[in-house]
Structures are given as structure tokens and as C-alpha cells.
Amino acid sequence: MGPHPAVAAIRLAVRRVLHDILNEASRTVAYSRTTGATGELPASVDTPHERPPSPLVLVACSGGADSMALASALAFEAPKLGIRAGGITVDHGLQPGSGLRADEVVLRLRELGLDPVESTSVTVGREGGPEAAARDARYAALDAAAERHGAAAVLLGHTRDDQAETVLLGLARGSGIRSLSGMAAVSGGPGAARRYRRPFLHLDRQTARKACMVQSLPVWDDPHNADPAYTRSRLRHEGLPALEKALGKGVVEALARTAQLSRDDADALDAWARQAEASVRDAAGLLECAKLYALPPAVRRRVLRQAAIEAGAPAGSLFARHIEEVDRLITGWRGQGAINLPGKVVAQRQGGRLVIRQG
């Protein structure tokens, strides 16, 4: 008899991601071994069959059902593929006894056979609100751990339910199609464009919890996840159930599907904007308003956003309303003054050119 269907599902999801990591590592090693002075890879090299040194994959584990299920699947699948598997838990210090709980998670991960395993403490600031500040501190700690251990990837336990919540939060902010695309299955950290992997984005939260139950894995339910003071908690326990009551079952699956479709569209528009960006600059590198005006609005606003970021505006503080104001310098020009953007960046129209700079 095979494993329980929930256990089989989480293992399959992790196995697929580990195969991707191995293939990427193989291509990287093959490229570094065979490129010459031209930097070109000879067509005769069969990169998928190159085997690099055993990579290390870490799992980020809070002790909750999603991340414990992920840790158990990693511990089961990694040795079969010759991958080293470790774990890290982040102590945010936001609740009494958080240090003791972090120690318990470390113990559970070691009992699964993961190595190295560590707990790291962070100080959560206030910028952007408590949820955003905790997330920023957590990812900074995970990035540091990945660099310290030389990890090829860090696995995260976000599920399809988390994806649906993220899409709704983006919709509420009115931040555009990129915000509706939710979390990527693969995303990056500093200097590592594909560091974070989310194997469970196509699995629901109940599958992960069931996998823990049938494997007798102890889990910890974070009280913050049920605290109505937090936006995501209210959405999880009030918003989504209300939507399902009004619209019927399948809302979570539909929102997750929307995320993938939106991501595909956003990726295509971003690529279009990158290609168009050079064509709307003059010989001095300044943006020409007439050429910007000729672009489709979705492409033009992406060009403007990237120009603002390159000028020093923090991406996380640059919202749709900022870009809309800059866009009016192109589409609704009536002699208005400069637009102030985050990061002390200023956008203004001068002689048919759009100048975006710090000042």
C-alpha cells in the first residue's frame, strides 16, 4: 500500500521542484565547464546529464501545518535525489515564548533528518505595518541563512489558499495586474533570482494539514493567524468564507487560476516595456513625451515606473497613484508642475522631455 493521498501529493510537489533545482544546477555547472573566451555554450554539450556537487536545499519552517508538511516531504525526497536538505525557522519575537517554540521547531526538523538546521531571531520594525514589517524581517533572515550555508534554494510552504488571499489583497489595493498575479512559484533574493520555491501553490491548505495528521507530525497554530487585528486573518476567516457563501465553492481555485493568468499577462507586458524603453529615449537618454504617448497605457506606465525606480524611488513605496500622476505629464499635459515621488525623486516635463531624477 502506498502513502496516504495527501502525503503522496506533497511529496510529488516537492519532488518536481527538486528535479528543477538539480537540472538548473547541472546546466550551470556544464556552462561554467565548457564556455570559452566567447562565453558561448557549444551546441554539442548535453547539459541535463551533467551532475554538479550535491546542492543544499533549505526549508523555511514556522512549525505550522503547511511548513511542517513541506519539511517532511523534503526530508523524504531529497536523499533519493542526492540533495542535502536543511531547515531554518525564524523567531520574530512577537509573542511570549517564541524562542522556546523556535527551539521546538529546530528539534522537530532534526528528528526528520534535516541538517543543517538553525533558528534565527529577528527584530521586526514598523515600516509598512506589522504584517509587511514581519515579512521583510523574515525574508532578510532567510536570505542571510541561504548565503551563509550556500543553499541552492529555500522552500516556502505557501498554499493555494495563501495565493487566493494574496490575490484578493492585491485587488483591494487596486495595484494593477502585477499585484493580482500573487506569489510566483519561483522568486528571488539579493543576487539569487530563483532562490525561493513554492511547491504547494497548487495544493490546498487542508491537504498539508492532512499530511501532517496521518504522519503524526505535531504542528503549531500561530494565534496571529486567527487574530482579527491582522488584515490577512480577517480575509481568511471572514472574507473568503463570505465569498464562498455568496458565489459557491471553487472561489479559492478560481482566484489561484486568476493569479497564474495575471502573472503570464504581466510578464508579457513587462517584456514589451523593456523592449520599448530604448525606443522612447533621445540621443541623450531622456524620455521623449511624444513617443511615450504613442505607447499603449499599460506599457507606458511600466516604462515610467522603471524609470522612477532607476532614479531612486523605492519599488515598495511606488504605488499606482504615483505612476498615474507621472502619466498625466504625458497624456494630460497642461503646464502642471513637478510630481514628487518616494525616495525624493521628482518627475517633470521639460521641452517635450520627461525628466525623472532625485532632487
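Residues numbered from 1 in each chain as written. Predicted model: local features only at pLDDT ≥ 70, side-chain atom pairs only at ≥ 80, totals over all residues. Heavy atoms only, no water.

1. Some thoughts on the pairing of strand β3 (residues 117–121)
The following threshold applies: In this description, strands pair whenever DSSP reports at least two bridges between them. Strands are runs of DSSP state E lasting at least 2 residues, helices are runs of H or I lasting at least 4, and numbering of each runs from the N terminus. The path from the first strand over the helix to the second decides the hand: if it runs clockwise while the strands point away from the viewer, the crossover is right-handed.
Bridging between strand β2 (residues 84–91) and β3 involves 5 bridges; their strand directions are parallel. Across the sheet, the residue bridging to Val90 is Thr120, located in β3. The handedness of the β2 to β3 crossover, carried by helix α3 (residues 98–111), is right-handed.

2. Digging into the sheet that holds strand β7 (residues 287–288)
Hydrogen bonds between backbone atoms are what pair the strands of a sheet, whose relative direction is either parallel or antiparallel. Operational definition: Residues are treated as being in contact if the distance between any of their heavy atoms lies within 4.5 Å. Angular values range over 0 to 180 degrees, each being the angle between N-to-C directions of two axes fitted as lines to C-alpha atoms, with helices fitted over their stretch in contact.
Ordered in space as β7-β10-β9-β8, the 4 strands form an open sheet in which the pairing is antiparallel. Strand pairing shows two members of the sheet lacking a second neighbour, β7 and β8 (339–341), which therefore form its edges. Pairing between strand β9 (residues 345–350) and strand β10 (residues 353–358): 6 bridges, direction antiparallel. Within β10, the residue paired with Val346 across the bridge is Arg357. The sheet contacts of helix α11 (residues 297–310) involve β7, β8, β9 and β10, and relative to β10 the element is tilted by about 35 degrees.

3. Comments concerning unusual backbone geometry
Between Asp115 and the following residue, Pro116, the backbone shows a cis peptide bond with an omega angle of 10 degrees. Its location among the elements puts Pro116 in the loop between α3 and β3. Phi at Ser216 takes a positive value of approximately 55 degrees, unusual for a residue other than glycine. When you line up the elements, Ser216 lands in the loop between α7 (205–214) and α8 (231–247).

4. Quick look at the packing of helix α9 (residues 251–277) against α11
Relative orientation and spacing of two packed helices are given, respectively, by the angle between their axes and the distance between those axes. The following threshold applies: Orientation categories follow fixed angle ranges, with anything under 35 degrees roughly parallel, anything over 145 roughly antiparallel, 65 to 115 roughly perpendicular, and all other angles oblique. Crossings are classed by handedness, with left-handed meaning an anticlockwise turn of the near helix from the far one by less than a right angle and right-handed meaning a clockwise turn. Classes in brief: Ala, Val, Leu, Ile, Met, Phe, Trp, Tyr, Cys and Pro nonpolar; Asp, Glu, Lys and Arg charged; the others, Gly included, polar.
Where α9 contacts α11, the two axes come as close as 9 Å, and the packing angle between them is 65 degrees. As summarised for this structure, α9 and α11 are arranged roughly perpendicular, according to the angle between their axes. α11 is crossed by α9, and the crossing has right-handed handedness. On α11, the residues that touch Ala266, Leu269, Asp270, Trp272, Ala273, Ala276 and Glu277 of α9 are Ala298, Val299, Arg302 and Val303. Tallied by class, residues from the contact of α9 with α11 come to 8 nonpolar, no polar and 3 charged.

5. Considering the packing of aromatic side chains
Keep this limit in mind: Think of it this way: a Phe, Tyr or Trp ring, Trp meaning its six-membered ring, pairs with another when their centres are within 6.5 Å, and the plane angle makes it stacked under 30 degrees, edge-to-face over 60, tilted otherwise. Think of it in three bands: with a 1.4 Å probe and only protein chains considered, a residue is buried below 20% of the maximum accessible area for its type, exposed above 50%, and partly exposed in between. Cation placement over rings: the criterion is NZ of Lys or CZ of Arg within 6 Å of the ring centroid and within 35° of the ring normal.
Enumeration over the complete set of coordinates arrives at 1 aromatic pair. A centroid spacing of 5.2 Å and a plane angle of 90 degrees characterise the contact between Tyr139 and Tyr196, whose relative ring orientation is edge-to-face. Here the residue Tyr139 occupies a position in helix α4 (residues 130–149), and Tyr196 occupies one in strand β6 (residues 192–197), the gap between them amounting to 57 residues. Here Tyr139 falls in the buried class, since its relative accessible area comes to 19%. With a relative accessible area of 2%, Tyr196 lands in the buried category. Sitting above the plane of the Phe76 ring, Arg11 keeps its charged end 3.5 Å from the centroid.

6. Digging into the side chain of Arg302
Heads up, the condition is: Definition of a polar contact: a pair of N or O atoms within 3.5 Å, with one able to donate and the other able to accept a hydrogen when the atoms are protein atoms, and with sequence-neighbouring residues admitted only if both atoms are side-chain atoms.
Note that Arg302 resides in helix α11. Within polar-contact distance, the side chain of Arg302 engages the backbone oxygen of Ala298 at 3.2 Å. Those residues within four positions of Arg302 in sequence are excluded, and the remaining contacts are Ile177, Ala266, Leu269, Asp270 and Ala273.

7. Some points on the environment of Ala134
With respect to the helices and strands, Ala134 occurs in helix α4. Separated by 44 residues in the primary sequence, Ala134 and Arg178 place their C-alpha atoms 22 Å from one another.

8. Section: the packing of α11 against helix α12 (residues 320–331)
With their axes 10 Å apart at the nearest point, α11 and α12 run at an angle of 115 degrees to one another. Overall, the two elements α11 and α12 adopt an arrangement that is roughly perpendicular. Here α11 and α12 pass one another in a crossing that is right-handed. Here Arg300, Arg301, Leu304 and Arg305 of α11 come into contact with α12, specifically with Ile323, Val326, Asp327, Ile330 and Thr331. Tallied by class, the residues present in the contact of α11 with α12 amount to 4 nonpolar, 1 polar and 4 charged.

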